Amino acid sequence: MGPAVSSGATPILELGERSPGGLRLPDARPSQRALYAPRGVAFLPGGGLAVADTGNHRVLIWRDLTGIGAHAPADVVLGQHDFDSDGAQAGGDDTVVGMHLPCGVLVHDGALYVCDAWNHRVLIWRTIPAESGTPADAVLGQPDARSVERNRGGAIGPAGLDCPYGLAVVNGDLVVADTQNRRVLVWDGVPTGDAPAARVIGQDDFASGEENRGRGVGPDTFRWPHAIVGGGGELLVADAGNHRLLGWTRGADRSGPADVLVGQESFDVAFEMPHVAQGPSRLRFPYGLVGDDARLVVADTANNRVLLYDRDLPASGATAVGVLGQNDFDAAGENRWDEVAADTLCWPYGLALDGDRLAIADSGNNRVVVWRLPPLR
C-alpha cells in the first residue's frame, strides 16, 4: 500500500475481498473475506478486530491482526450460521442468531456489544465469541431475543429503541444513539441485560421522539445522532443529520444545551454544502467519531474523508489538523473521483482507535482499512 496523500498517516492493512481492479469495487457476496457496506468497527483485546458487515447482516471477527496479510479471512461470523450465508435474521426468521443491518460495535471489559439497528436492540456477548453462529447472551431494548419491534411494539419510552446506530461507554455509563427516536439514552453503569435507561439527551422526556424536538435545530436537539465519544467528564455526539458534532464539557448539564459545536457556525443552523470546497471546519453527514486523550477523529462521511482534530476542542470554530482520503481540505469526491486506492475513501462510517492504529469502515468501498497515524503536532 502507498502512503496517504496528507496528514502523515499510512494505510497498513485492508480487509475485504480484493478489488478486481481499477474502478471496480471488491466483491460483496458473503464469504470468509468479503464485506458489504461495513458500518462499524472495534478493536479487540489482544489485537483483533470486530466489524459490522452491515449489508450482509452479520459481524465478522478477526482474532488477531498481527502478521496477517491483506484480505485475510475472518475467524468468526455472528448473525449468520456460516460464512456463505446472508439475509436478515440469518436468511429467515431466526432472530436469536440473526441480525438486521448491524451498525455500531463496542468492546468493553471483554464483552461485545452490537447495535442490531433494524431489530431495534443492542446485542450483548459477555465474552468475545470464539465460534461462528454464537447467539448473544442478552439483549438491550427488547424483552427477549425473539422480539424485534421498534420501541418494543409500543410507545416511545425508556426501555425501547428505534434503530440504534452507535454506542459507547462514557465515564462508566453506557450511552446509546437511539437514532430514529432522535435522542441519546444513558444507563447508570453498563447493563448486562435488558434494563430501562436512566437519562435521555435531546428530548424533553422519555416519551418524546420528534426530529430536533419538533421546534427546529438547536443546541439541545438531534436529527440523526450516530457515533458517541467521551472521557474526562465530557460527551461528544455526531449529530449526522444536522452536519455537526455536539459536545457537553465536564460539569455541563446534559439535559440542557451543548456547549461545544463542531461543523456549523452556530447552534441554530444545519447548513449543508454539497459538491463544493469544504475546508477544515465544515462537516457533511458525520457518521463516525472516535477519540483518545490526544486526538479526535471524525468520519466526514458525505465528504468522503476522515478528519483529525486536537482533542482539546474550542467551544466553536474547531479546525481539523489533518485529513485522510483527500489531497486537501477542499476536496470531497468519492475516491478522489479516481480509482479505488489504498488511501482513498468512499462514504466512511465507523471508526476505531487503538493507540496509533485507526480502523475505518470504508463502507462505499466494501472494505475496512487500518491506518497508522502519526503523532499530533
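Enquirer: Can you lay out the nonpolar core for me, pointing to particular residues and giving the numbers?
Expert: Of all hydrophobic cores here, the largest spans 19 residues; its most connected members are L49, W62, L65, A359 and V368. For this core, the secondary-structure elements that each account for two or more residues are β1 (10–15), β2 (40–43), β3 (49–53), β4 (58–62), β23 (357–362) and β24 (367–372). The residues touching L49, leaving out its near neighbours within four places in the chain, are L15, A42, F43, L44, L60, I61, W62, L65, A359 and V368. Judged by nonpolar contacts, the second largest core, of 17 residues, contains L236, A238, V298 and Y309.

Enquirer: I'd love a proper account of the sheet that holds strand β18 (residues 286–291), names of residues and values included.
Expert: The strand order across the open sheet formed by four strands is β18-β19-β20-β21, and the pairing between neighbours is antiparallel. In this open sheet, the two strands that pair with only one neighbour each are β18 and β21 (322–324). Across the sheet, the mean angle from the axis of one strand to that of its neighbour is 20°, orientation sign disregarded. In the sheet, β18 pairs with strand β19 (residues 295–300) via five bridges, with the strands oriented antiparallel. Of the residues in β19, the one forming a bridge with V290 is V297.

Enquirer: With reference to specific residues and values, describe the layout of surface pockets.
Expert: Reported here for the largest pocket is a volume of approximately 730 Å³. As for the largest pocket, its lining consists of 35 residues, and the residues nearest its centre are V105, L167, L289, V290 and L351. Contributing elements (two or more residues each) for the lining of the largest pocket: β2, β6 (102–108), β10 (164–170), β14 (225–231), β18 and β22 (348–354).

Enquirer: Give a description of the side chain of D220 that names residues and reports values.
Expert: Secondary-structure assignment places D220 in the loop between β13 (199–201) and β14. With a relative accessible area of 14%, D220 lands in the buried category. At 2.9 Å, the side chain of D220 forms a polar contact with the side chain of R215. Setting aside anything within four residues of it in sequence, one finds D220 in contact with G202, R213, R215, G256 and P257.

Rules used throughout
- Residues numbered from 1 in each chain as written.
- Predicted model: local features only at pLDDT ≥ 70, side-chain atom pairs only at ≥ 80, totals over all residues.
- Heavy atoms only, no water.
- Core = buried A, V, L, I, M, F, W, Y, C linked by side-chain atoms within 4.5 Å.
- Buried < 20%, exposed > 50% of the residue type's maximum accessible area, 1.4 Å probe, protein only.
- Helix = DSSP H or I, 4+ residues; strand = E, 2+ residues; numbered from the N terminus.
- Contact = heavy atoms within 4.5 Å.
- Pairing = 2+ DSSP bridges.
- Axes fitted to C-alpha atoms, helices over the stretch in contact; angles between N-to-C directions.
- 1 Å grid on protein atoms, 1.4 Å probe; cavity = no way out; pocket = protein on both sides within 12 Å on 5 of 7 lines; lining within 4 Å.
- Points joined across faces, edges and corners; volume = space filled by probe spheres on them.
- Polar contact = N/O pair within 3.5 Å; in protein donor to acceptor, adjacent residues only side chain to side chain.

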